[in-house]
Amino acid sequence: MALIVQKYGGTSMGSPERIKNVAKRVAKFRAQAHQVVVVVSAMSGATNQLIALTKELTANPAPRELDVVLSTGEQVSIGLLAMALQDIGVAAKSYTGGQVKILTDDAYGKARILAIDDAPIRRDLDAGNVVIVAGFQGVDAEGNITTLGRGGSDTTGVALAAALKADECQIYTDVDGVYTTDPRIVPEARKLDTVTFEEMLEMASLGSKVLQIRSVEFAGKYKVKLRVLSSFEDEGEGTLITVEENRDMEQPVISGIAFTRDEAKITVQGVPDQPGMAFQVLGPVAEANVDVDMIIQNAGRDGTADLSFTVMRGDLDKTLNVLDRVKAVIGAKSVEADKTLCKVSLVGVGMHSHPGVAARMFRTLSEEGINIRMISTSEIKISVVVDEKYLELAVRVLHKAFDLDRAV
Ligand code: ADP
Ligand code: ASP
Ligand code: MG
């Protein structure tokens, strides 16, 4: 008998028919005498509809109230799945994040899980129930409802698996594993049988939404056996996220390509070229809780420099407001913004041992006439910022140039 945590995403829970299919799969595991905890997302589109609804009411909802609204999608899902299970004779009980005491900090909209009280869940499991927990939500120390950020149900699943020391955490979604890149953009993308935590962390943080980054961090930290699988297929091993590189095989240079569409670049022109200027510009931006990604400084000849950096597009207006004040204080010439950009990243632990990856990437893009606007690198990734209109093209030509469509 094993203890398994299964997480089902929005598409997998998207209709009554699909919820019945989820119930059947859970029943199959119960029939094999496994204990099962199920984490579910809101039905597909539900969270977006709730956001749209709040926008009709106000442009600036209080974060606390926004979380009260957004958390309801998952509450619908847990109740429906419990009914579907009971209907086919499987004992099941549903719980909201608050009911199972998923304790988080109070950062509404991007709360972090601090602790989970596993005793009530264990009691229910021992009594023969399937325990169904609402993903994406928790409560802070005061009992306020919090949410974990978009895609947060993955993190609920892994956090529960860690708290319960589950034998495996299975993330069921609408693709049958982690691919070399988003198969919706590149049909030739290949499913990976395994991917290392290190690579998955980079892929998730650089935009592959198949797993929320926090879920990968949790799984790495608490050594949770994590697998991504299709909720629409009965066969298949999916993708296992592994600690070790697969040393039996020739390590490919690149394991995957990730991308994000929501980049914005800001350039502060004519910043006096003196010590402390980067801090004076970027300090207030950080204080406003905006994450800055790539940074470039070009020294000018007239004692000034231009400072360019990227932020998430959703943070652009907030950042420009901050910079308006900063500009006056430091006497910069102007602040310009470009929000038609995207970021494309190559990820692979094999980069360590293969020089020339960057050169091949830049040549491939130049052959397509794609202008690189910014570059950043780390040990296992190279990212470029390019015009958003080239996103699909860039991903496709890079996928081919690095032989990702060929079986290894
Ligand atoms: P869920 O609702 O089940 O959480 P998501 O939409 O959050 O599903 O994540 C699954 C989607 O992630 C896929 O449909 C796919 O389009 C996208 N995706 C992006 N990058 C990858 C990748 N490298 N491998 C697999 N899927 C990816
Ligand atoms: N329902 C939430 C979202 O759409 C959480 C999740 O699906 O993981 O982001
Ligand atoms: Mg998701």
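Residues numbered from 1 in each chain as written. Chains lettered and ligands numbered in written order. Predicted model: local features only at pLDDT ≥ 70, side-chain atom pairs only at ≥ 80, totals over all residues. Heavy atoms only, no water.

Undergrad: Break down the overall build of the protein for me, with residues and values.
TA: Summing up its helical and strand segments, the protein has twelve helices and 18 strands in all. In summary, the protein has a C-alpha radius of gyration of 23 Å against a globular reference of 22 Å for 408 residues, a match within 12%. C-alpha atoms of the protein, sized along the principal axes, occupy 75 × 50 × 35 Å. Across the 408 residues in the protein, those meeting the buried criterion constitute 50%. At a minimum sequence separation of 6, the contacts of the protein that also span at least 24 residues come to 76%. Summing over all exposed atoms, the protein offers an accessible surface of approximately 19,300 Å²; the carbon and sulfur share of this is 50%. The average position of the 45 basic charges and that of the 55 acidic charges among the side chains of the protein differ by 1 Å. (Helix = DSSP H or I, 4+ residues; strand = E, 2+ residues; numbered from the N terminus. Rg over C-alpha atoms; globule rule 2.2 N^0.38 Å. Buried < 20%, exposed > 50% of the residue type's maximum accessible area, 1.4 Å probe, protein only. Contact = heavy atoms within 4.5 Å. Areas by Shrake-Rupley, 256 points an atom, 1.4 Å probe, with all protein chains shown as cover. Lys, Arg positive; Asp, Glu negative; His and termini not counted. Charge placed at Lys NZ, Arg CZ, Asp CG, Glu CD.)

Undergrad: Report on the site of ligand 1, specifying residues and quantitative values.
TA: With respect to spatial proximity, 17 residues lie near ligand 1, and among them Thr-173, Asp-174, Tyr-179, Asp-182 and Arg-184 are the closest. For ligand 1, an oxygen atom lies 3.0 Å from a polar atom in the side chain of Lys-7. Here an oxygen atom of ligand 1 and a side-chain polar atom of Thr-173 are 2.6 Å apart. Here ligand 1 loses 90% of its free accessible area of 580 Å² to cover by the protein chains. (Near = heavy atom within 4 Å. Polar contact = N/O pair within 3.5 Å; in protein donor to acceptor, adjacent residues only side chain to side chain.)

Undergrad: Describe in detail the site of ligand 2, supporting the description with residues and values.
TA: Contacts to ligand 2 come from Ser-41, Ala-42, Thr-47, Glu-74, Phe-136, Arg-150, Gly-151, Gly-152 and Ser-153. Side-chain polar atom of Ser-41 to an oxygen atom of ligand 2: 3.1 Å apart, as the coordinates give it. In this structure, Arg-150 approaches ligand 2 through a side-chain N or O atom, which is 2.7 Å from an oxygen atom. Protein burial of ligand 2: of its 270 Å² of free accessible surface, 86% is covered by the chains. Across the shell around ligand 2, the residue classes break down as two nonpolar, five polar and two charged. (Nonpolar A, V, L, I, M, F, W, Y, C, P; charged D, E, K, R; others polar.)

Undergrad: Any chance you could break down the sheet that holds strand S6 (residues 130–134) for me, citing the residues and the numbers?
TA: Here we have eight strands laid out as an open sheet, ordered S3-S6-S2-S1-S9-S11-S12-S10, and mixed in their pairing. For this open sheet the edge positions go to strand S3 (92–95) and strand S10 (194–196), each flanked by a neighbour on one side alone. On average, adjacent strands in this sheet sit at an angle of 20 degrees to one another, irrespective of strand direction. Here strand S2 (residues 35–40) runs beside S6; their pairing, made up of four bridges, is parallel. Paired with Val-37 across the strands is Val-131, a residue of S6. Of the strands in this sheet, strand S1 (3–8), S2, S6, strand S9 (168–173) and strand S11 (226–230) are in contact with helix H1 (residues 16–31), which crosses S1 at around 175 degrees. Sheet strands touched by helix H6 (residues 153–163): S1, S2, S6, S9 and S11. Its angle to S2, the strand with the most contacts, is close to 155 degrees. (Pairing = 2+ DSSP bridges. Axes fitted to C-alpha atoms, helices over the stretch in contact; angles between N-to-C directions.)

Undergrad: So what's going on with helix H7 (residues 197–205)? Which residues, and what values?
TA: Of the residues making up H7, those classed as buried are Phe-197, Glu-199, Met-200, Glu-202, Met-203 and Ala-204. Positive phi appears at Gly-207, one or two residues downstream of H7, with a value of about 125 degrees.

Undergrad: If you had to explain the packing of aromatic side chains to someone new, which residues and values would you point to?
TA: The final tally for this structure, using the stated rule, is two aromatic pairs. Consider the rings of Tyr-8 and Tyr-172, whose centres lie 4.9 Å apart with planes at 10 degrees: the pair is stacked. Of this pair, Tyr-8 sits in strand S1 while Tyr-172 sits in strand S9, and the two are 164 residues apart along the sequence. Look at Tyr-8 and you get buried, because its relative accessible area is 0%. (Phe/Tyr/Trp six-rings, centres within 6.5 Å; stacked < 30°, edge-to-face > 60°.)

Undergrad: Residues and numbers for the packing of H1 against helix H4 (residues 72–87), please.
TA: Running from amino to carboxyl end, H1 crosses H4 at an angle of 60 degrees, the nearest separation of the two axes being 9 Å. One way to sum up the angle between H1 and H4 is to call them oblique. Crossing geometry of H1 relative to H4 is assigned as right-handed. Packed against H1, whose contacting residues are Ile-19, Val-22, Ala-23, Val-26 and Ala-27, the element H4 presents Leu-80, Leu-81, Ala-84 and Leu-85 at the interface. Along the lines of polarity and charge, the residues of the contact of H1 with H4 split into nine nonpolar, no polar and no charged. (Parallel < 35°, antiparallel > 145°, perpendicular 65-115°, else oblique. Left-handed = near helix turned anticlockwise from the far one by under 90°.)

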